[in-house]
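Next come the chains, spelled out residue by residue.
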Amino acid sequence: MRNARHPCATHYMLYAIRKKGFTLLEMLVVVGILAIALPAVFAIIFAIVRQQAKVYALRQVKREGDFVLNAMENTIRNEAVGIFTDSGFNNEVCGQACLVTNTCSNNGSTFYFKDKSDNWFRYFLINSRIASELGTIPTDYLTTANVAVTNFSLSCNRAAAFSPPVISISFDVGYGASQFLEDVATIRYQTQVQMKNY
């Protein structure tokens with residue numbers, strides 16, 4: 001009687017043999033759940049990656065725009081003593097003569113600023129980049145090729161004989177030219193600088 005099996009043991013072994021695999025119904029349920037969950041997960045991941053691209057573009061634009069605006073503001077405010085339309089200091093803009101002729105407002109990106117040492121410096125747009133030039137020193141780009149600068153404008157205005165000229169600076173800094181809106185970022189910069197040493 002030792003070799004005789006208990007009737008429940010046989011039933012248990014048959015049950016155990018049948019439970020080694022998955023049933024068709026269980027497989028269909030799992031495939032259905034994955035078919036619903038995977039696209040949602042990928043959509044969330046795709047949205048996160050797109051937002052990271054937008055954040056990167058904005059960070060790049062802001063970093064370069066802030067740098068250029070700060071450099072121009074500080075140099076014009078602290079170093080400039082006059083504004084001219086040529087490097088020979090012949091045609092002064094926003095000077096004493098403009099008060100006589102009542103033309104104390106002038107627009108142009110070809111301003112030459114005279115510094116304390118009688119040297120000139122200027123800022124201008126070339127190949128969608130803002131560049132600076134100082135006397136005989138070659139052109140130095142203030143923005144990288146990663147961004148594009150548009151609508152660069154310098155203008156000056158002078159209210160009265162004893163008030164220094166006010167230089168208005170404005171430009172747009174943009175990043176990306178993609179078909180995806182998330183990859184494109186543009187920030188408008190504008191400020192006014194009053195010359196201290198005029």
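The paragraphs below set out a description of the structure included in this document. Owing to the predicted nature of the structure, the values given are computational and were not obtained by experimental measurement.

About the criteria used
Residues numbered from 1 in each chain as written. Predicted model: local features only at pLDDT ≥ 70, side-chain atom pairs only at ≥ 80, totals over all residues. Heavy atoms only, no water. Helix = DSSP H or I, 4+ residues; strand = E, 2+ residues; numbered from the N terminus. Buried < 20%, exposed > 50% of the residue type's maximum accessible area, 1.4 Å probe, protein only. Contact = heavy atoms within 4.5 Å. Areas by Shrake-Rupley, 256 points an atom, 1.4 Å probe, with all protein chains shown as cover. 1 Å grid on protein atoms, 1.4 Å probe; cavity = no way out; pocket = protein on both sides within 12 Å on 5 of 7 lines; lining within 4 Å. Points joined across faces, edges and corners; volume = space filled by probe spheres on them. Nonpolar A, V, L, I, M, F, W, Y, C, P; charged D, E, K, R; others polar. Patch = residues over 30% accessible without salt bridge, like charges linked within 9 Å, V, L, I, M, F, W, Y side chains within 5 Å. Salt bridge = Lys/Arg side-chain N within 4 Å of Asp/Glu carboxyl O. Phe/Tyr/Trp six-rings, centres within 6.5 Å; stacked < 30°, edge-to-face > 60°. Lys NZ or Arg CZ within 6 Å of the ring centre and 35° of its normal. Core = buried A, V, L, I, M, F, W, Y, C linked by side-chain atoms within 4.5 Å.

**Notes on the overall build of the chain**
For step 1, the next point in the chain: Within the chain, the regular secondary structure consists of 3 helices and 9 strands.
For step 2, the next point in the chain: Along the chain, helices (α) and strands (β) appear in the sequence α-α-β-α-β-β-β-β-β-β-β-β when read from the amino end.
For step 3, the next point in the chain: By residue count, 29% of the 198 residues in the chain fall in the buried class.
For step 4, the next point in the chain: The long-range fraction of contacts in the chain, counting pairs at least 24 apart against all pairs at least 6 apart in sequence, stands at 60%.
For step 5, the next point in the chain: Surface accessibility of the chain: about 13,000 Å² in total, with carbon and sulfur atoms responsible for 59%.

**A word on the layout of surface pockets**
In this approach the atoms are scanned with a rolling probe the size of a water molecule, which exposes any empty space left behind.
For step 1, the next point in the chain: Put simply, the largest pocket is a space of about 200 Å³.
For step 2, the next point in the chain: Broken down by secondary-structure element, the contributors of at least two residues to the lining of the largest pocket are helix 2 (24-79), strand 4 (120-126), strand 5 (129-134) and strand 6 (137-141).
For step 3, the next point in the chain: A class-by-class count of the residues in the lining of the largest pocket yields 7 nonpolar, 2 polar and 5 charged.

**Concerning a nonpolar patch on the surface**
For step 1, the next point in the chain: A surface patch of nonpolar side chains, amounting to about 620 Å² of accessible area, comprises Val30, Leu34, Leu38, Val41, Phe42, Ile45 and Val49.
For step 2, the next point in the chain: With respect to the helices and strands, the residue Val30 is situated in helix 2.

**So, the packing of aromatic side chains**
For step 1, the next point in the chain: Summed over all chains, the structure comprises 7 aromatic pairs.
For step 2, the next point in the chain: Ring centres 5.8 Å apart and planes at 80 degrees place the aromatic pair Tyr56 and Tyr175 in the edge-to-face group. In this pair, Tyr56 sits in helix 2 while Tyr175 sits in strand 8 (residues 166-175), placing the two residues 119 residues apart along the sequence.
For step 3, the next point in the chain: Look at Phe121 and Tyr123: their rings are 6.0 Å apart centre to centre, the planes differ by 75 degrees, and that puts the pair in the edge-to-face class.
For step 4, the next point in the chain: The buried category is assigned to Phe121, whose relative accessible area is 5%.
For step 5, the next point in the chain: Among the aromatic side chains, those forming a connected cluster through ring pairs are Phe111, Phe113, Phe121 and Tyr123.
For step 6, the next point in the chain: Sitting over the face of the ring of Phe124, Arg122 holds its NZ or CZ atom 4.0 Å from the ring centroid.
For step 7, the next point in the chain: Its guanidinium or amino end placed over the ring of Tyr141, Arg129 lies 3.8 Å from that ring's centre, counting from NZ or CZ.

**Digging into the nonpolar core**
As a rule of thumb, nonpolar side chains are buried together in soluble globular proteins.
For step 1, the next point in the chain: Among the nonpolar cores identified, the biggest contains 29 residues, and Ile76, Phe113, Ile167, Ile169 and Phe171 are the most heavily contacted of them.
For step 2, the next point in the chain: Tallying contributions element by element places helix 2 first for this core, with 6 residues.

**Remarks on the pattern of salt bridges**
For step 1, the next point in the chain: Counted according to the given criterion, the structure contains 5 salt bridges.
For step 2, the next point in the chain: A salt bridge links Glu73 to Arg77; its shortest N-O distance comes to 3.6 Å. With a gap of 4 residues between them, Glu73 and Arg77 both fall in helix 2, about one helical turn apart.
For step 3, the next point in the chain: For Glu73, a relative accessible area of 17% puts it in the buried group.
For step 4, the next point in the chain: By relative accessible area, Arg77 is classed as partly exposed at 25%.

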